[in-house]
Amino acid sequence: MELQHVVSFLDDYLRINSYPDSSVNGLQVEGGESVERIAFAVDASMQSFMYAVEVEADMLVCHHGIIWNGIERVTGLVRERLKFLLENEISLYAAHIPLDAHPEIGNNAMILRSLGIEPEEEFGDYRGVKIGFAGYTSEEFEDILEKLEERFGDVGYMKFGEDLVEKVAAVSGRGAGYIEEAVRAQVDLLITGEVEHAAYHTARDAGMNVIYLGHYSSETLGLKALMNVVESELGLDVEFIDIPTEL
């Protein structure tokens, strides 16, 4: 399939230009003219590039690309990454905020659905747009924690709210900054990827339950869901490259 056809499909499906972002979303590096196999990975890195070569992928779709706020110089690591991709004719496509915010296959919608919760309300203001979702349930905090541990392995948590959880919000990645918004939205549990030190006191003072899955783990679900869409809609071979950072 022609590269531009794949890019157009992804641009339209992800509404790639509908969100403000420091990531340069869409096609970041143009490789070969045609695509037979697409690899998917959370992070664009030399490790994921080499794996893409191993699995004979013509294109790599990542949540975290290599171009943020443009390129000032093609030197050092930037040069090495671009050189590797171009020499191996691998196209690189990035979808950052558009993949977080997508209502069907986005990271945040999929986090809720992994708990059997439908994303009913937009949540998480980012530069004037909502990138997360909230939904409703009626479960004990410990039961939700157990479900997430079964899915993601060891997860961290701060339990400062009620035992019974009725409203859950999800913002993947570095989403602890949304604790105060969660309080205003009457959320009982915020699920995110990672937290910084100050989040402890914010959550404690606010009486908020927070579960953090790990930045990497919280951003795998959307890519895998997008991979299934590409396979189904475009009929291309797909491969997920799992490179956990444990962060």
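Residues numbered from 1 in each chain as written. Predicted model: local features only at pLDDT ≥ 70, side-chain atom pairs only at ≥ 80, totals over all residues. Heavy atoms only, no water.

### Concerning the overall build of the protein chain
Line of reasoning, step 1. Looking only at helices and strands, the protein chain features ten helices and eleven strands.
Line of reasoning, step 2. For 247 residues, the compact-globule estimate of 2.2 N^0.38 gives 18 Å, and the protein chain sits close to it at 19 Å.
Line of reasoning, step 3. Counting only C-alpha atoms and orienting by the principal axes, one finds that the protein chain spans roughly 55 × 40 × 35 Å.
Line of reasoning, step 4. Evaluated residue by residue, the protein chain yields a buried proportion of 53% over its 247 residues.
Line of reasoning, step 5. Of the contacts made within the protein chain by residues no fewer than 6 positions apart, 66% connect residues no fewer than 24 positions apart.
Line of reasoning, step 6. Here the protein chain has roughly 11700 Å² of accessible surface; of this, 43% comes from carbon and sulfur atoms.
Line of reasoning, step 7. Of the side chains in the protein chain, 17 bear a positive and 46 a negative charge, and the two mean positions are spaced by 6 Å. (Helix = DSSP H or I, 4+ residues; strand = E, 2+ residues; numbered from the N terminus. Rg over C-alpha atoms; globule rule 2.2 N^0.38 Å. Buried < 20%, exposed > 50% of the residue type's maximum accessible area, 1.4 Å probe, protein only. Contact = heavy atoms within 4.5 Å. Areas by Shrake-Rupley, 256 points an atom, 1.4 Å probe, with all protein chains shown as cover. Lys, Arg positive; Asp, Glu negative; His and termini not counted. Charge placed at Lys NZ, Arg CZ, Asp CG, Glu CD.)

### Quick word on the side chain of Glu-181
Line of reasoning, step 1. Relative to the assigned elements, Glu-181 resides in helix α7 (residues 179-184).
Line of reasoning, step 2. A polar side-chain atom of Glu-181 sits 3.3 Å from a polar atom in the side chain of Lys-130.
Line of reasoning, step 3. Apart from the residues within four sequence positions on either side, Glu-181 is in contact with Phe-123, Gly-124, Asp-125 and Lys-130. (Polar contact = N/O pair within 3.5 Å; in protein donor to acceptor, adjacent residues only side chain to side chain.)

### Here we look at the packing of helix α1 (residues 3-14) against helix α10 (residues 221-234)
Line of reasoning, step 1. Axis separation between α1 and α10 bottoms out at 12 Å; the angle between their running directions is 125°. It follows from the interaxial angle that α1 and α10 lie oblique. In this structure, α1 meets α10 at a crossing whose hand is right-handed. Facing α1, whose interface residues are His-5, Val-6, Phe-9, Leu-10, Tyr-13 and Leu-14, α10 presents Leu-226, Val-229, Val-230, Glu-233 and Leu-234.
Line of reasoning, step 2. Considering only residue class, the contact of α1 with α10 consists of nine nonpolar, one polar and one charged. (Axes fitted to C-alpha atoms, helices over the stretch in contact; angles between N-to-C directions. Parallel < 35°, antiparallel > 145°, perpendicular 65-115°, else oblique. Left-handed = near helix turned anticlockwise from the far one by under 90°. Nonpolar A, V, L, I, M, F, W, Y, C, P; charged D, E, K, R; others polar.)

### Some remarks on the packing of helix α2 (residues 46-54) against helix α3 (residues 76-87)
Line of reasoning, step 1. Running from N to C, α2 and α3 cross one another at 10°; their axes reach a closest spacing of 11 Å. With respect to their mutual orientation, α2 and α3 come out roughly parallel. Here α2 contributes Met-46, Phe-49, Met-50 and Val-53 to the contact with α3, which in turn contributes Glu-80, Arg-81, Phe-84 and Leu-85.
Line of reasoning, step 2. Counted by class, the contact of α2 with α3 contains six nonpolar, no polar and two charged residues.

### Details of unusual backbone geometry
Line of reasoning, step 1. In the Ramachandran plot, Glu-89 falls in the positive-phi region, its phi being about 50° despite a non-glycine side chain.
Line of reasoning, step 2. Within the fold, Glu-89 resides in the loop between α3 and β4 (91-94).
Line of reasoning, step 3. You will see that Gln-186, though not glycine, has its phi angle at about 60°, which is positive.
Line of reasoning, step 4. Relative to the helices and strands, Gln-186 is located in the loop between α7 and β9 (189-194).

### Examining the sheet that holds strand β7 (residues 156-159)
Each strand in a sheet pairs with its neighbour through backbone hydrogen bonds, running either in the same direction (parallel) or in the opposite one (antiparallel).
Line of reasoning, step 1. The sheet built from six strands is open, its strands ordered β5-β6-β8-β9-β10-β7 with mixed pairing. Each edge of the open sheet carries a strand with a single partner, namely β5 (121-126) and β7. Going from strand to strand, the sheet's axes swing by 25° on average, the running direction of each strand aside.
Line of reasoning, step 2. Two strands pair when backbone bridges link them, and β7 and strand β10 (residues 209-212) are joined in this way by four bridges, in the antiparallel orientation. (Pairing = 2+ DSSP bridges.)

### Quick word on the pairing of β10
Successive side chains on a regular strand alternate, one facing one side of the sheet and the next facing the other.
Line of reasoning, step 1. Two strands pair when backbone bridges link them, and β9 and β10 are joined in this way by four bridges, in the parallel orientation. When the bridges of β10 are listed, Ile-191 appears paired with Ile-211.
Line of reasoning, step 2. Handedness of the β-α-β unit built from β9, helix α8 (residues 199-206) and β10 comes out right-handed. (Right-handed = clockwise from strand over helix to strand, strands pointing away.)

### Some words on the nonpolar core
Grouped burial of nonpolar side chains is what soluble globular proteins tend to show.
Line of reasoning, step 1. One finds Phe-40 and Met-59 to be the most contacted residues of the largest nonpolar core, which totals 28 residues.
Line of reasoning, step 2. Those elements that provide at least two residues to this core are α1, β2 (37-43), β3 (59-64), α10 and β11 (237-240).
Line of reasoning, step 3. Sorting elements by how many residues they give to this core places α10 first, with seven residues.
Line of reasoning, step 4. If we skip the residues at most four places from it in the chain, Phe-40 touches Leu-60, Val-61, Leu-223, Leu-226, Met-227, Val-230, Val-238, Glu-239, Phe-240 and Ile-241. (Core = buried A, V, L, I, M, F, W, Y, C linked by side-chain atoms within 4.5 Å.)

### So, the side chain of Asp-21
Line of reasoning, step 1. Tracing the backbone shows Asp-21 in the loop between α1 and β1 (26-29).
Line of reasoning, step 2. Notably, Asp-21 is buried but unbridged: the nearest opposite-charge side chain belongs to Arg-127, and the N-O separation is 6.0 Å.
Line of reasoning, step 3. Polar side-chain contacts of Asp-21 include one of 2.9 Å to the side chain of Asn-25.
Line of reasoning, step 4. A distance of 3.0 Å separates a polar atom in the side chain of Asp-21 from a polar atom in the side chain of His-96.
Line of reasoning, step 5. If we ignore the near neighbours within four places in the chain, the residues touching Asp-21 are His-96, Ile-97, Pro-98, Tyr-126 and Arg-127. (Salt bridge = Lys/Arg side-chain N within 4 Å of Asp/Glu carboxyl O.)

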